[in-house]
Amino acid sequence: MTASNAYRLRPSRRLATLRVCSLGLAIGLLAAASAAGATSPGQQASATPVVATAAQGVSVSNIDFRRGEDGAGRLIVRFDGQGATPDLRNQGDTVVVDVGNATLPASLQRPLNVVDFATPVQRVEAQSRAGGTQLVLSTRGDFESLAYQSGNEYVVEIVPRAGQKAVGGASATAGTSSSAVVAAAQKIATEARRYSGRPVTFNFQDVPVRTVLQLIAEESNLNIVASDTVQGNVTLRLVNVPWDQALDIVLRAKGLDKRRDGAVVWVAPQPELAKFEQDKEDARIAIENREDLVTDYVQINYHSASAIFKALTEAKGVGNSGGGGGGTGNNQNENGFLSQRGRLVADERTNTLMISDIPKKVAQMRELINVIDRPVDQVLIEGRIVIATDTFARDLGARFGILGRRQGDRTQVIGGSLENTTDVIEDGSTENNLNVNLPAAGFTNSTAGAIAYTLLGANFQLDLELSALQEEGRGEVISNPRLVTTNQREAVIKQGREVGYLTVTGSGTGVATPTVQFKEALLELKVTPTITDDNRVFLNLNVKKDEVLRFIDLGDFGSVPELARREINTAVLIEDGQTVVIGGVYEFSDRSSIAKVPFLGDIPFLGNLFKKKGRSKEKAELLIFVTPKVLRVAERR
């Protein structure tokens, strides 16, 4: 005798359920169900299970524990035969499973620590009680329990409630961020929201699957059609489980599947449903193969017909790789977006596509081409290259000379050098008589201003010259290249000159052969823009600014140019219309020097007559600005 116990949440549906149960159950089940119908509406309906005759003794062959995808703990108990009658009950933080007619081998009578599985189950204890088997699952946190039996396998699932995360070895530590905990809770809540049916409670012992499907049909107000191949019995205990989840559990336990069409649900074995759908698809393909072909012409406006033809016919996995250069797809097994009999021809002269296929495929191709063939937004890129220089140079110097001559029994001459004194003795020349010759020079290029004083006596000459020069320079070079290009299309703009220079190559005869070569000195902007959906522009940029500094003289071989090169290669994301600095270089140099006559140059005040001082400062700054502006051309859909 089998026993069944169905718990109700709504008293108004009890009579209908009892009427369905009476069709498949024995007289004892009817009596139990009648007792359930007599309970008060405020109580949960329950039918006292009828004690079944003792089945032949079975034994537990294996106990396994696994973790489900939603963080649920799954206890799988296998028996060595049919007829086991497990009973599941919740006792506070524990779930107890009693199998009175199944023995437990000594090798399986041991506790299992399952904390590391990160499920609500922390520990599983298997022990023998009164000749039977008792499994105690210690849990932590809020959970829901459900169980089902298929053949000689009994499965107990402990599912964390929505909003609760699994607790175990993988639980969040103190260092775990709160966002990770929230994400885990949201995932569990999402899994729970997959089922929206009214909660039901079922407790069945070896009841036909078709009877369970009838009960679920009553609870769901759906029309469930079961295939003739749906057979077998099922044992399960479900407490406050949505009816759609209960249906999935029953189907999974018996290898079944369902297809829903409105309020009708068809239940059949998975291979049967797969064969039905395959036959349906084969019939559809057969109908398409007998359908008449139509031909349509599509004018391409903003794209290249050849490029669209290549894209549509080379799509692997959805059809033909297309034909050869003639533009027709000849491979009957792979036809791009066309059917096996479809043809696509591209005419480059008129930029037109010809489509020959069944009407449904032609309509799909037209819709696809309309998405591809549309104008593309353009981008105006404005660059600004600023080179600012600031120079300062100052030179201070002096020239000082004393020339004296005395004649008598011996001649005495004082001059700037031995050569100078010799000239004075021989011919009386007074040139080059400077003792200190440190004029202003070195840091400045122009002629320095000077003031000179000469004192000439009968036998002596005094020369004094002070020179000084200060130079300041400021310069700014601004280059402003602009160009317009379409989205994701590279654009280049160049402006500058090619500088020629002479190179000499030798030959086997030893005769040098001159050759003129050219070197580019350009302002160049190369950019590839990409317009994003959030109204920003991603730019791949290459900016160059070269200029000729000077020419290096090579004597008989002419001269070669020396170039100053400035280049930046970068990628940047910019708002539409925003100006940003994508690069800059700042250079600063400060140099000073002093040249003096030892000891004399250190004399306060008068030491300035015996020294030369110079100082220079140079500043140079390079800044590169970029401003993209989107020119909306594409049609908004």
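Named according to an unreviewed UniProt entry, the protein chain is Type IV pilus secretin PilQ family protein originating from Pseudoxanthomonas mexicana. Under Subcellular location (unreviewed entry), UniProt gives the following word-for-word description of the protein chain: "Cell outer membrane". UniProt, in the comment section headed Sequence similarities (unreviewed entry), describes the protein chain in these words: "Belongs to the bacterial secretin family. PilQ subfamily."

### Let's talk about a nonpolar patch on the surface
A surface patch of nonpolar side chains, amounting to about 310 Å² of accessible area, comprises Val504, Ile552, Leu554 and Phe557. Looking at the element boundaries, Val504 is found in strand E26 (residues 491-505).

### Observations regarding the packing of aromatic side chains
This model, assessed by the stated rule, comprises three aromatic pairs. Ring centres 5.2 Å apart and planes at 75° place the aromatic pair Phe65 and Phe117 in the edge-to-face group. Of the two residues, Phe65 is situated in strand E2 (residues 58-67) and Phe117 in the loop between strand E7 (111-113) and strand E8 (121-129); the sequence distance between them amounts to 52 residues.

### Examining helix H5 (residues 243-253)
Buried residues dominate H5, accounting for nine of its 11 residues. Of the residues making up H5, those classed as buried are Trp243, Asp244, Gln245, Ala246, Leu247, Ile249, Val250, Leu251 and Ala253. On the buried face of H5, the contacting elements are strand E10 (143-150), strand E12 (199-208), helix H4 (209-220), strand E14 (233-242), strand E15 (256-261) and strand E16 (264-269).

### Comments concerning the sheet that holds strand E28 (residues 536-553)
Pairing in this open sheet of four strands is antiparallel, and the strands run E26-E27-E28-E29 from one edge to the other. The open sheet has two free edges, formed respectively by E26 and strand E29 (559-575), since each of these has just one partner strand. Adjacent strand axes in the sheet meet at a mean angle of 15° when their direction is disregarded. Two strands pair when backbone bridges link them, and strand E27 (residues 513-531) and E28 are joined in this way by nine bridges, in the antiparallel orientation. Along E28, the bridge assignment pairs Val527 with Leu541.

Basis of the calculations
- Residues numbered from 1 in each chain as written.
- Predicted model: local features only at pLDDT ≥ 70, side-chain atom pairs only at ≥ 80, totals over all residues.
- Heavy atoms only, no water.
- UniProt positions renumbered as here; feature names shortened; annotations may be inferred.
- Patch = residues over 30% accessible without salt bridge, like charges linked within 9 Å, V, L, I, M, F, W, Y side chains within 5 Å.
- Areas by Shrake-Rupley, 256 points an atom, 1.4 Å probe, with all protein chains shown as cover.
- Salt bridge = Lys/Arg side-chain N within 4 Å of Asp/Glu carboxyl O.
- Helix = DSSP H or I, 4+ residues; strand = E, 2+ residues; numbered from the N terminus.
- Phe/Tyr/Trp six-rings, centres within 6.5 Å; stacked < 30°, edge-to-face > 60°.
- Buried < 20%, exposed > 50% of the residue type's maximum accessible area, 1.4 Å probe, protein only.
- Contact = heavy atoms within 4.5 Å.
- Pairing = 2+ DSSP bridges.
- Axes fitted to C-alpha atoms, helices over the stretch in contact; angles between N-to-C directions.

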